[in-house]
Amino acid sequence: MKRGLEWLRWGCLAAAIGVLVVFLVAQGQAFDVSYGQSPTQTEPIREGEAGELSDTTVPSVEEMTALVAANPVTRLPGSIAQWDEQQVRAALGATDVRILVAPPGLDKAERDRVRDVDNANITIMGTQVTGDPGQVVADRLTGWRAQFAAGDVTDLLLFLIAHIQDRPEPSDTDTIRYRQPTAAELEPVVADLRATGVHGMTDIPSAADAFPNGALFVVLPRQQAGQPIPDYGTALTSVFPDKPIVVMVGEWVEYHGPQAADFAEVAAASFYGQYSDRLSLYAYPQRNILGAYLDRVTDVRYAGLFDRPLPYQPFDPVRVALPALPWIFAACAVVFLVLTARAVRTAAQRRSGAGVRMAGLTALAIEVSGLTGDTTDPALTRAIATLQSAREAVAQKLPDQHVAALLDDAEAELDHVAKTLKRREYRPAVYLRGRLA
C-alpha cells in the first residue's frame, strides 16, 4: 500500500511536469479553426483574361455628344439595359434628363470615351447606372435578379431620377414575375436533364466540389424585361425532388432543391454582393459566371454549412485536450502535494514513535539488568548494544525501516530475558503498553 502511494505521488509529479511542457509548447502553435481549405482558385485574374471584353466599339466623344443632344435616350449598338418606359417617363415628367446607353464589355479607352460625354445626365454601360452624384447599385436579391436575368434597370433609374429632382427615394419593387412553364417548354428540358444532366449549355464547369453528389443545370439566355419568366426551378424540383438544380437566366444564377430555403439566398447574396459591379459592366460568358458561382458554393460548403463531409483531418489529441490541460495539471499538482504532506507527516510520526519505543525499551533494559544472571546476561547485552545502534541510526538519519528493524531485534532479546526470568510484566509488549497507557 505504502509503495503504491509512493508510485502515485511521483507519477502525479511527472504527469504535471509533462502537461505543463505540452501546454507551454502548444501556446506557440497556430491552429486552423476553419473547416478545411476550399479548393477554389484564389489567384487574381487580369482584365481581359476571363472573356469579359467584347468586340463592340463606340463612336467618338463628339459623335455621342451630338446623339445625346438630339435624343433624350441614346442607345448605342450592343446595349442591353432595359426599363419600364412608362414608369421612367412618368418619373421624369418635364425634366430634361438625357440618358446614354452603352453596351457591356467595353475596354478602358472606350469606357473613358463614354464617360467623357458631358451632356448625358445618366450613363448606362451594360447595366451599370451612373449619374449625379455617382453610381447606383442594387443591394438586395430582387434588384440583382432583375438586373442580371433581364437587364432591367428600372429601379436604379427611378432612384437616380429622384435624386436629380431632389425628391424622396422611391421604394424598391420586384420587377421580375414568374410563370409556370408550359408542357411544351418543360418536356425538352426534362429530357435533356435525364439524358445529360444539362440543358442549354454544352460545356458546364466542373461541379464536383460544389455538389459532390452531382447536380442538374438549366442555362437560359437573358429574358425580355417586363415579360414573365418560366419558373423552371420550381417545376423541376417536382420532377427531381432530391437533386440539386441550378438554373441560370442571363447572368442570374439561382439554386433549387435540397436545403434551398437555407442555402439559395446565402450563396446568391454572397456571390452577387461581391461580383455585381463587374457583372453589370462587363460581358462575361455565361460559362465563366456559372463557374464563379460554383466556386462560391464550394466556399460556402467548406465554411461548414449544410453538413457537407469535410476533407480528412488527422486526429490531433493536443488540440482536443488543450482546454483540459490546465485542469489536469492542477489535479496532478494537488495529488502530489497531498501525498507529499502525508509522507512527511507519516515519516515524522514514525520518527516520533521510534523515539518513544526506544526510550521504553531502554528503560526496560535498565530495570531488568538488576535481575539478570548467567543465563540472561548475553541476551541483555545484545539488547543494550542493539538499542545503542538504533540510537546512532536515528542520529545519522538512517532510513526508518533500518531503525525499526534494530528496535525489533532489541525487543526480541528483551522478551527472551523476561521469558527466562519468568517475569511476564517485563515482557516488552506488556511493559511498553503499561508505560504508554
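Residues numbered from 1 in each chain as written. Predicted model: local features only at pLDDT ≥ 70, side-chain atom pairs only at ≥ 80, totals over all residues. Heavy atoms only, no water.

As annotated in an unreviewed UniProt entry, the chain carries the name DUF4350 domain-containing protein and comes from Amycolatopsis tucumanensis.

**Considering the packing of helix α5 (residues 141-150) against helix α9 (residues 260-281)**
Formally: Whenever a helix is involved, its axis is fitted only over the stretch in contact; in every case the axis is a line through C-alpha atoms, and angles between N-to-C directions fall within 0 to 180 degrees. Per the convention used, a helix needs a DSSP run of H or I reaching at least four residues, while a strand needs a run of E reaching at least two, with both numbered from the N terminus. Reported orientations rely on four angle classes, namely roughly parallel under 35 degrees, roughly antiparallel over 145, roughly perpendicular from 65 to 115, and oblique for the rest. Whether a crossing is left-handed or right-handed is set by the direction in which the near helix is turned from the far one by less than a right angle, anticlockwise for left-handed and clockwise for right-handed. Working rule for contacts: check all heavy atoms of both residues, and any pair within 4.5 Å makes them a contact. Just so you know the grouping, Ala, Val, Leu, Ile, Met, Phe, Trp, Tyr, Cys and Pro go in nonpolar, Asp, Glu, Lys and Arg go in charged, and all remaining residues, Gly too, go in polar.
Following both chains from N to C, one finds α5 and α9 inclined at 50 degrees, their axes separated by 10 Å at the closest point. As far as their axial angle goes, α9 and α5 are oblique. Viewed along their axes, α5 and α9 form a crossing whose handedness is left-handed. Contacts between α5 and α9 pair Leu141, Trp144, Gln147 and Phe148 from the former with Glu265, Ala268, Ala269, Tyr272, Gly273, Ser276, Leu279 and Ser280 from the latter. Class assignment of the residues belonging to the contact of α5 with α9 gives a composition of seven nonpolar, four polar and one charged.

**Structural notes on the side chain of arginine 98**
We apply this condition: Relative accessibility decides the category of a residue: with a 1.4 Å probe and only protein chains considered, values under 20% of the type maximum give buried, values over 50% give exposed, and everything between is partly exposed. Polar contacts, as used here, are pairs of N or O atoms within 3.5 Å; protein pairs need one atom able to donate a hydrogen and one able to accept it. Residues neighboring in sequence count only if both atoms are side-chain atoms.
Tracing the chain through its elements places arginine 98 in the loop between α3 (85-92) and β2 (99-102). Arginine 98 sits in the buried class, given a relative accessible area of 19%. From its side chain, arginine 98 meets the backbone oxygen of asparagine 71 in a polar contact 3.4 Å long. Arginine 98 has contacts with Val68, Ala69, Ala70, Asn71, Pro72, Asn119, Ala120, Asn121 and Ile122, leaving out every residue within four places of it along the chain.

**Quick look at the confidence of the model for the chain**
Caution applies to low-pLDDT regions: their predicted coordinates should not be interpreted in detail. Here is the rule we go by: A residue's pLDDT is simply how confident the predictor is in it, with values from 0 to 100.
Here the chain shows a mean pLDDT of 83. Residues at 70 or above account for 82%. Taken as a whole, residues 308-312 scores under 50 in pLDDT and shows seven contacts with residues more than four places along the chain or in a different chain.

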